[in-house]
2 protein chains.
Amino acid sequence: MKKSAKSPRKISKWVFPFGGKDTAGNGGMKELLGGKGANLAEMAKLGMPVPPGFTITTEACNYYYDNKQKMPDQLVEQAERALASVEKIMKCGFGDPENPLLLSIRSGARKSMPGMMETVLNVGLTDVTREGLIRKTDNPHFVYDSQRRLIQMYADVVMEKGTGRQVNGDGIRKKLDAELEALKKKRGVEFDRDLSADDLKQLVVIYKKKVKEEMGVEFPEDPNVQLWNAVKAVFASWNGDRAIAYRKIEAIPHNWGTAVNVQAMVFGNMGDTSATGVGFSRNPATGDKGFYGEWLPNAQGEDVVAGIRTPNPVNTFSQNNQNAKLQTLADAMPHLYKELTGYVNKLEKHFHDMLDIEFTIQEDKLWMLQCRVGKRTGPAAMKMALNMLSEKLINKFESINRVSPAQLEELLHPILDPKSEKSATILGKGLPAGPGGACGQAVFTASAAVAWKKEGKDVILVREETNPEDVEGMRAAEGILTARGGMTSHAALVARGWGKCCIVGAGELEIHADQKILIANGKKISEGDWISLNGTHGNIYEGKLGMMKAAEDNPEFDKFMKLCDGVRRLKIRTNADTPEDAAKARAFGAEGIGLFRTEHMFYGKGSEQPLFLLRKMIMAKTTEDRIAALNELYPFVKADVKATLAAMSGLPVTIRTLDPPLHEFVPKDHEDRVKMAESLKITSAAFDKRAEELVENNPMMGHRGVRLSITYPEITEMQLRAIFEASVELTREGKKPIPEIMFPLVGHERELKHEMEIAHRVHAEVCQRLKVKNIPHTLGTMIEVPRACLTADKIAQEAEFFSFGTNDLTQMTFGFSRDDIGSFVPAYTTKRILPADPFQTIDQSGVGVLMEMAIQKGRKVKKDLKIGICGEHGGEPRSVIFCHNAGLNYVSCSPFRVPVARLAAAQAVIQEKKK
Amino acid sequence: MKKSAKSPRKISKWVFPFGGKDTAGNGGMKELLGGKGANLAEMAKLGMPVPPGFTITTEACNYYYDNKQKMPDQLVEQAERALASVEKIMKCGFGDPENPLLLSIRSGARKSMPGMMETVLNVGLTDVTREGLIRKTDNPHFVYDSQRRLIQMYADVVMEKGTGRQVNGDGIRKKLDAELEALKKKRGVEFDRDLSADDLKQLVVIYKKKVKEEMGVEFPEDPNVQLWNAVKAVFASWNGDRAIAYRKIEAIPHNWGTAVNVQAMVFGNMGDTSATGVGFSRNPATGDKGFYGEWLPNAQGEDVVAGIRTPNPVNTFSQNNQNAKLQTLADAMPHLYKELTGYVNKLEKHFHDMLDIEFTIQEDKLWMLQCRVGKRTGPAAMKMALNMLSEKLINKFESINRVSPAQLEELLHPILDPKSEKSATILGKGLPAGPGGACGQAVFTASAAVAWKKEGKDVILVREETNPEDVEGMRAAEGILTARGGMTSHAALVARGWGKCCIVGAGELEIHADQKILIANGKKISEGDWISLNGTHGNIYEGKLGMMKAAEDNPEFDKFMKLCDGVRRLKIRTNADTPEDAAKARAFGAEGIGLFRTEHMFYGKGSEQPLFLLRKMIMAKTTEDRIAALNELYPFVKADVKATLAAMSGLPVTIRTLDPPLHEFVPKDHEDRVKMAESLKITSAAFDKRAEELVENNPMMGHRGVRLSITYPEITEMQLRAIFEASVELTREGKKPIPEIMFPLVGHERELKHEMEIAHRVHAEVCQRLKVKNIPHTLGTMIEVPRACLTADKIAQEAEFFSFGTNDLTQMTFGFSRDDIGSFVPAYTTKRILPADPFQTIDQSGVGVLMEMAIQKGRKVKKDLKIGICGEHGGEPRSVIFCHNAGLNYVSCSPFRVPVARLAAAQAVIQEKKK
């Protein structure tokens, strides 16, 4: 169902009831009812005790936005009919002074956006219905508390955020909180629940007065006004800044819209036989099998999620350091616990996946509030995928699809080196909410995290608790540490979704955000001091600890990767410039090197001598001098090529000839220049002049790549000689070198022809000199200039293979210099002109069109032309899928991204099968 | 007949006889027989006295090169049969000791390459046949002279150039010349002809000895060896360095090959009843009607062409300052002159064009040696085209095709300002060989001309006489001046072909190339001194004179242009940034402005104040400061736009919003920076920091064009306001402004949408403020980024017009930075990797493919989408024809190129009709 409410199709059904016998929706209707609504309908159909209600569709939301914030005509009528049915099931009436029905109004997008969307509870409670409810429940404390909660939520969500009305300072929610705290202080009590019913009654009056004062209007006493304003406020929250920011990060389309679930309230805060809780059908952090959850007696759901109180474990399986002493639900209410686990098991069997559920116990009756597929960490996702496969709950393809590339990346995320952990100073412990390890400098606000990150610093964001306003800062941080909250708190959910290292609920920490300090275990950590987190175990350390990779020596990881390998068709190679990288990538499953950059040897350690010789070659004034310098350079180049060919023996190694503009290698530093000039026996002025001549206005489009070889063919000759001789030597040593020689930046077939002629000549020379008949190799080209795509048929007549260089291709297709986009591309994404940074994921409608053209033209000439990609995109999952669909033979990416590419390539096959 | 000898078609006929009754070819067979061969056959068919001979085809030449320099098997046999026929007609025998036939061996390419290809005369003359010929002619002087000429030519063309054999020093030709000069000096005579027969006999012995000494082999005495080696030498000359260089300049394909014409020799040097000459059926310099030619009594053809003797005029119509006192052919040999003019008239009627003929009179008998379409100057081409049209010799389309764009450009070439000529010091007079005027610094070698030109200097190449080795230097010079030679000398032919200003045969000049001085009229001109040439009248002046345009106030020019306008469909606009340019272009026939660059107003005179304000805007730290600076800038921008809209009232003006990277405008000079910082009230350091931030690695692909407007929409707003307000004001003043607003560098449809929204908003604001309902305008985009072409269908949904920016499109399609290609593109053309500089003529197989894609996609969405081009290519003839064929609505080019574009657009229609 791709069409939104904009579609001309006539829509007649805006409301879908659930909970009674007339449940209209089902679990497959997520696009229309949102995840929550569809699952409520599905649960009701499975016979579970779901509080009755109805779902207003996502189409209604889109209609609302497309029609100047007007509700569809039939909507209210349909909702009133559904509401009557709810009243009938719950045996009470909405706005009935004697026997009032209260409603919850909740958002429900197709995809969960934790904490981003709004909820209003206790709708229908007024000074009039309150009295009826008190009479009915005989629990004034609960009723006043519900009313003051309604006022606070409604004022915040509907009156402030829903209308965009500005309230000075912190906003109305915090202002009302301050009134609560003031009263608690006055009464000398610690918890809200310790306030008396009269206190709460007084608070209702105080709240209403404050609302009128701050907002300029009265809190509405008409239940229907409350209901419909709350629905509109949920719609409004879809287009709130936070929600938009979240969707941008998660790549959720803005036109999906949200559904709204209107549901009968049930109460977990009606005394000690009431409770509320959340849980997962398996452990979302580890993937271990067993019901895993948290609950709070005498509380409403938001108390658990908000992370203000540390919740109890539902069972011993759910115990951890923080909650081990708190009573389990299994102990406290064994019969209800049994009923609950029955439902959880049934749900998992029904949905074939790990589920995240919410429940409430109202006066000894269990209500299932919602269920949805649960978020999980990468390691948990992989363990569940493998376990469910062996349990035969899912098949091979589903198993592969159960781990997202981002989750797999988590497994590849670094962890703290256990050795360095042993000797480190521990600052405290918290809940292990996000996996892996992280080191960074402590910062105490989200904005500081963003700012420091921009300066290239690694930071740990330290907060009392996080809220949705912190999302950007959390994104920027290496790790997140909070003093409050549980495994299902905002920080934990968000961090886990991203696979980011996170520790929550570290209650021993004293965080003074205003002074930018953290006091723990007698140590004071100021802003900028280094700390380290073990997000897998919840340990917090002082200082910057050593790090290492998690996926190494993980048999489950290998098993899962083999599963993927059995499905994928795309070959995965790696970009590696050293024997060490090559070996590492081979361990990660790389099936060859897709890009070996000959220039790498001039960077980094041990490169002084070759770099000096390269510079000598560059500064040469005559061909003779250049050849002399190249001859001196030759042994280094050959040794370098040989070592990598040896490390990849039996696998292909694509060796690219020299690519960067020569002046990149000219020393910038004055002293270096003087030294260089001396050793070249030229004057410093002569050196500077020559260096000046090499400078270019737009080096990216200047004298580089194959162009160097057109002007200085002797450079290419030297490199080819090195490759051929190294191959012969290796073969004689019993190795199997498979060099694939690749020429960069070709835009015209005659450039390539020029290179081929050099290659054939040098090959013949080396064969003769070393007395061999033939040195196996293939000759191909990068496709990275738009013109190469446009004339790929002609280029294919020369080339034995193509390899897309999508970095340059993206630069030239857009006319974006990757080094210079910082001044405008942020504005492009903010203004939604570009959906994503095209240097991260392939721009399919521009660059992708050129690629498809090149593939089609190339294969028209050579049916089986081998085509790969060696740009950064080769390891980006969406791009990998594009490459699979486009018919590439392989992708090549950095060693670390090889497993992700293996997974994405397998998922591409599964996606293809579905079509 | 596109196929060459490479074609698999079986070729059986390599030789085409002509001259007798069995003439096999005809004038339509230029591709196979070359221009000369085809015309000889045609002339023979017309019954003219052509010395008999045969043509060896261009296919034979290609076969020769494709088969390791081996002749086709049947060739020799066919040639021998044809030779026998020649012997029969001429009643003598090749190699016959008593009655020998002598042959000329001449190249004949499809297109004339004057002086580039080789010729050998008198082939068949040996010590043995010589004696027979002396007996037969009783003219030992002529026979010995012919033999020494054969030895000199053969040694040069066949033995030295044809084999690549190296001779020390100047080469064999000059060494033999030195022997001739030495003998003349010894005998105390001035002219060759004053040497006695015995002297010449002695010279034959000296020449042969010298040849053996220098070349290491004997001069061959076998006529057949002479014949076939001469044929091979002609083939070899096709691939000589000079010929290749010439073909590159003239864009002649290298695979055309040359034919070889073997023809019975006739002699113009057999005494006073013999003569030789060349002529044109109309004056090739002015186009005036009448037989125009030169002749020399008792001479061979090469004496006329070589320019060593100043030739006589054939008639009074051909008289000029230099030859007015010499006898005309009409006076000297009236009956033969009458016969000759009869043939000339017949040929012109037959060929419907001006012809270039060569003739020889051997002992009172006229022989027509060759005829071909004659080269002419631009003014002559235009005059002939118009005259022949009114004579009904050709039709309208032929008339238009008779003037090449390059010839038209000549008309637009500057001439010396007649006023400044009046007061100038005359150095001397020569023959007016190349049209127009030129000023430059005197240089005395071709290499100096090239070197000085590279440094940006204008030079006049001053030579005793020019030779093919000087071609590059002639190309580099503004004008050419020689002391020797006639109107058909090498210098004259080459210069005229290029439409370059040239004076030849200025015999009064003393040129001392070794000392780099020229002495004339008592003045000494040293290297680097300025001189000026009037190539139309042959006057040479001291100093740098004023220049002006030739096409202005030329009624024929207007007539011809109107002829073109009646045929073409493509509209021609101009790129103009000032009211002055606009007015000039309107005079040249521009039908609107295709590119008005708003940034121009910050360059050049009178720009100090706006530039200062622009800089203030650029350096602004906040949006507020930027808007304040923009408001100050506003009146200047509006005045600027308004003036050009006024100048083009009633015609469309495409106004492009600000395009260049902002840092281009930041002052580079330290003092300027200090001043600027002071006036901005910031520190110099703060200024430098901000300026530093604006610097980019690859500004061509950086923050410019529409990107500036995404980040700083207020800049665009200001410009749009200026355009709209100026339009309203002009309308109120009775003018008719037609602004077409164009956004640069769009690569994604949403960029354009962003601009359209700004434009709609500003339009509405201005309408409201100035109380008008609507301000007529259109909104469109440049198509200059590859991605724009790829997504042109989406962009067309927003745009009201497209305009190709082929400069940037070429840069990005190739990945060539136009500023940086100097270091490698010369190697690209030298190595024949690129056929032409893609910044001069559109790269049709790369950039052109993108353009066609954009047009097709754009028009699929909007059938009548207006599409133009405003890159430099818009005035380049081949590109204009491409644009016509691609379906563009208009091209826009610099004012000066507008007439050329009008012509090319008309020729495109004619080309289309032919298909």
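Mapping chain A onto chain B leaves a residual RMSD of 0.2 Å; the transformation is a rotation of 180° accompanied by 0.1 Å of translation along its axis. Classification of the inter-copy transformation places it as that of a two-fold axis. Across chain A, the smallest distance between a C-alpha and the rotation axis is recorded for Asn-698 of chain A, namely 2.2 Å. In this assembly the copies share their binding face: 100% of the residues contributing to the interface of chain A also contribute to that of chain B.

On to the confidence of the model for chain A, then. Residue and element names in this part refer to chain A. Of all residues in chain A, 97% attain a pLDDT of 70 or more, and the chain-wide mean is 90. When the criterion is pLDDT under 50, residues 1–7 qualifies, and its contacts beyond four places in sequence or with other chains add up to ten contacts. If you check the scores for this complex, the pTM reads 0.78 and the ipTM reads 0.77.

To continue, consider the packing of helix H21 (residues 579–587) of chain B against helix H23 (residues 623–647) of chain B. All names here are of chain B. The interhelical angle for the contact between H21 and H23, taken along N-to-C directions, is 15°, at an axis separation of 8 Å. Taken together, the axes of H21 and H23 are roughly parallel relative to one another. Here H21 runs over H23; the crossing is right-handed. Residues Pro-579, Ala-582 and Arg-586 of H21 form the contact with H23, whose own contacting residues are Ala-643, Thr-644 and Ala-647. Of the residues in the contact of H21 with H23, the class split is four nonpolar, one polar and one charged.

All names here are of chain A. Counted according to the given criterion, the structure contains 113 salt bridges over all chains. Among the ionic pairs, Lys-184 bridges to Glu-181, the shortest N-O distance being 3.3 Å. Of the two residues, Lys-184 and Glu-181 are both situated in helix H6 (residues 172–187); the distance of three residues between them amounts to about one turn of the helix. You can call Lys-184 buried: its relative accessible area is 8%.

All right, on to the side chain of His-600 of chain B then. All names here are of chain B. Take His-600: it is sitting in the loop between strand E27 (593–597) and helix H22 (608–619). With a relative accessible area of 12%, His-600 lands in the buried category. Among the polar contacts listed, one links the side chain of His-600 to the backbone oxygen of Asp-577, at a separation of 2.8 Å. Beyond its immediate sequence surroundings of up to four residues, His-600 is in contact with Asp-577, Thr-578 and Asp-640.

For the rest of this paragraph, the subject is the interface of chain A and chain B. At the junction of the two partners, chain A supplies 47 residues and chain B supplies 47 residues. Of the roughly 4100 Å² buried between chain A and chain B on both sides combined, carbon and sulfur atoms contribute 58%. It is Met-701, Arg-787 and Ile-833 of chain A in chain A that bury the most area against chain B; as a group they hold 16% of the surface buried on that side. In this structure, the connection of chain A to chain B is made through two salt bridges. We note a salt bridge from Asp-843 of chain B to Arg-787 of chain A, for which the minimum N-O separation is 2.6 Å. For the side of chain A that touches chain B, the elements supplying multiple residues, two or more each, are helix H26 (706–711), helix H28 (749–770), helix H29 (786–790), helix H31 (806–814), helix H32 (825–830) and helix H33 (847–861) of chain A. Here the side of chain A that touches chain B is built from residues that sort into 21 nonpolar, 15 polar and eleven charged.

Moving on, we come to helix H23 (residues 623–647) of chain A. Residue and element names in this part refer to chain A. In a regular helix each residue adds 1.5 Å, so 25 residues correspond to 36 Å; H23 covers 35 Å between its end C-alpha atoms and thus fits that length. Roughly 40° is the biggest bend found in H23, and it falls at Leu-633, with proline Pro-635 one to four residues downstream. Taken together, the buried positions of H23 are Arg-626, Ala-629, Leu-630, Leu-633, Tyr-634, Val-637, Lys-638, Asp-640, Val-641, Lys-642, Thr-644 and Leu-645. On the buried face of H23, the contacting elements are helix H21 (579–587), strand E27 (593–597), helix H22 (608–619), strand E28 (652–656), helix H27 (713–732) and strand E29 (738–743).

For the rest of this paragraph, the subject is the pairing of strand E24 (residues 539–542) of chain A. All names here are of chain A. Relative to E24, strand E14 (residues 426–429) is paired through three bridges, and the arrangement is antiparallel. Of the residues in E24, the one forming a bridge with Ile-426 is Tyr-541. In this structure, the hairpin formed by strand E23 (residues 530–534) and E24 is closed by a connection of four residues, where Gly-538 is found at a positive phi of approximately 85°.

With that out of the way, let us pick up the nonpolar core. Grouped together as the largest cluster of nonpolar side chains are 250 residues, with contacts concentrated most on Leu-408, Phe-560 and Phe-804 of chain A together with Leu-408, Phe-560 and Phe-804 of chain B. With sequence-adjacent residues up to four places away left out, Phe-804 of chain A is seen in contact with Ile-783, Cys-789, Leu-809, Met-851, Ala-854, Ile-855, Ile-867, Gly-868, Ile-869, Cys-870, Gly-871 and Leu-888 of chain A.

On inspection of all chains with the given rule, the structure shows 24 aromatic pairs over all chains. Between the aromatic rings of Tyr-64 of chain A and Phe-235 of chain A, the centroid separation amounts to 5.0 Å while the plane-to-plane angle is 40°, which identifies the pairing as tilted. Residue Tyr-64 of chain A is located in helix H2 (residues 58–66), and its partner Phe-235 of chain A is located in helix H8 (residues 223–238); the two are separated by 171 residues in the primary sequence. Summarising the burial analysis for this pair, Tyr-64 of chain A and Phe-235 of chain A share the class buried. Taken together, the aromatic side chains of Phe-814, Phe-816, Phe-824 and Tyr-828 of chain A make up a single cluster linked through ring pairs. Between the NZ or CZ atom of Lys-365 of chain B and the centre of the ring of Trp-367 of chain B, over which it lies, the distance is 4.6 Å. The cationic tip of Lys-457 of chain B hangs over the ring face of Trp-452 of chain B; the distance from NZ or CZ to the ring centre is 4.6 Å.

Before going further, it helps to examine the sheet that holds strand E18 (residues 479–482) of chain A. Strands belonging to one sheet form pairs held by backbone hydrogen bonds; the direction of such a pair is parallel or antiparallel. All names here are of chain A. Spatially, eight strands are ordered E14-E24-E23-E16-E17-E18-E19-E15 in an open sheet, and the strand pairing comes out mixed. On the outer flanks of this sheet lie E14 and strand E15 (431–434), each paired with one strand and no other. Taking each pair of neighbouring strands and ignoring which way they run, the sheet shows an average axis angle of 30°. Both E18 and strand E19 (residues 501–504) contribute to a ladder of three bridges, which runs parallel. Looking across to E19, one finds that Gly-479 is bridged to Cys-501.

Take the packing of helix H4 (residues 127–137) of chain B against helix H5 (residues 140–161) of chain B next. Pairs of packed helices are described in terms of their axes, by the angle between the two and the distance that separates them. Residues and elements named next belong to chain B. Closest axis-to-axis distance for the H4/H5 pair is 9 Å, and the angle between their directions is 150°. Between H4 and H5, the angle is such that the two are roughly antiparallel. Here H4 runs over H5; the crossing is right-handed. Contact residues: H4 offers Asp-127, Arg-130, Glu-131, Leu-133, Ile-134 and Thr-137, while H5 offers Pro-140, Phe-142, Val-143, Tyr-144 and Gln-147. Here the contact of H4 with H5 is composed, by residue class, of six nonpolar, two polar and three charged.

On to the environment of Ala-520 of chain A, then. Residue and element names in this part refer to chain A. With respect to the element layout, Ala-520 can be found in strand E21 (residues 517–520). For Ala-520, a relative accessible area of 1% gives the class buried. Distance from Ala-520 to His-490, taken between C-alpha atoms, is 23 Å for residues 30 residues apart in sequence. Apart from residues lying up to four places away in sequence, Ala-520 is in contact with Leu-427 and Leu-509.

This next bit is on the sheet that holds strand E9 (residues 289–297) of chain B. All names here are of chain B. Ordered by their spatial adjacency, five strands build an open sheet running E10-E9-E8-E11-E12, and the pairing between neighbours is antiparallel. Of all the strands in the sheet, just strand E10 (312–313) and strand E12 (365–373) have a single pairing partner and so form its edges. Two elements, strand E11 (residues 355–362) and E12, share eight bridges in a ladder whose sense is antiparallel. The residue bridging Phe-359 from the neighbouring strand is Met-368, located in E12.

About the thresholds
- Residues numbered from 1 in each chain as written.
- Chains lettered and ligands numbered in written order.
- Predicted model: local features only at pLDDT ≥ 70, side-chain atom pairs only at ≥ 80, totals over all residues.
- Heavy atoms only, no water.
- Least-squares fit on C-alpha atoms with pLDDT ≥ 70 in both.
- Contact = heavy atoms within 4.5 Å.
- pLDDT = per-residue confidence, 0-100.
- Axes fitted to C-alpha atoms, helices over the stretch in contact; angles between N-to-C directions.
- Helix = DSSP H or I, 4+ residues; strand = E, 2+ residues; numbered from the N terminus.
- Parallel < 35°, antiparallel > 145°, perpendicular 65-115°, else oblique.
- Left-handed = near helix turned anticlockwise from the far one by under 90°.
- Nonpolar A, V, L, I, M, F, W, Y, C, P; charged D, E, K, R; others polar.
- Salt bridge = Lys/Arg side-chain N within 4 Å of Asp/Glu carboxyl O.
- Buried < 20%, exposed > 50% of the residue type's maximum accessible area, 1.4 Å probe, protein only.
- Polar contact = N/O pair within 3.5 Å; in protein donor to acceptor, adjacent residues only side chain to side chain.
- Buried area = accessible area lost by both parts, 1.4 Å probe.
- Expected span 1.5 Å × (residues − 1).
- Bend = angle between axes of the 7 residues up to and from the residue.
- Pairing = 2+ DSSP bridges.
- Core = buried A, V, L, I, M, F, W, Y, C linked by side-chain atoms within 4.5 Å.
- Phe/Tyr/Trp six-rings, centres within 6.5 Å; stacked < 30°, edge-to-face > 60°.
- Lys NZ or Arg CZ within 6 Å of the ring centre and 35° of its normal.

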